[in-house]
Amino acid sequence: MWDYLAERVIKEGEYIIETLSTVRATAKYFGISKSTVHTVVT
């Protein structure tokens, strides 16, 4: 289970860095809430 979470953090972080995306746009891209993105990346 922890492996999945680590992969998710890396994927979302890389997406934000590569696209200079906002939390809201990242959430929409991954199909999750912006609160989840914020929690995962912090």
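Look up: the structure comes first, before these words.
Please read these numbers as outputs of a predicted model, since none were measured by experiment.

Looking at the side chain of serine 21
Consideration 1: Its place among the elements puts serine 21 in the loop between helix H1 (2-19) and helix H2 (23-30).
Consideration 2: Residue contacts for serine 21: discarding those within four places in its chain leaves Tyr15, Ile16 and Thr26.

Re the packing of H1 against helix H3 (residues 34-41)
Consideration 1: Packing of H1 against H3 leaves a shortest axis separation of 10 Å and a crossing angle of 100°. One way to sum up the angle between H1 and H3 is to call them roughly perpendicular. Here Arg8, Val9, Glu12, Gly13 and Ile16 of H1 come into contact with H3, specifically with Thr36, Val37, Val40 and Val41.
Consideration 2: Classifying every residue of the contact of H1 with H3 gives five nonpolar, two polar and two charged.

The rules behind these values
Residues numbered from 1 in each chain as written. Predicted model: local features only at pLDDT ≥ 70, side-chain atom pairs only at ≥ 80, totals over all residues. Heavy atoms only, no water. Helix = DSSP H or I, 4+ residues; strand = E, 2+ residues; numbered from the N terminus. Contact = heavy atoms within 4.5 Å. Axes fitted to C-alpha atoms, helices over the stretch in contact; angles between N-to-C directions. Parallel < 35°, antiparallel > 145°, perpendicular 65-115°, else oblique. Nonpolar A, V, L, I, M, F, W, Y, C, P; charged D, E, K, R; others polar.

In short, shape yes, function no, at least from these values alone.
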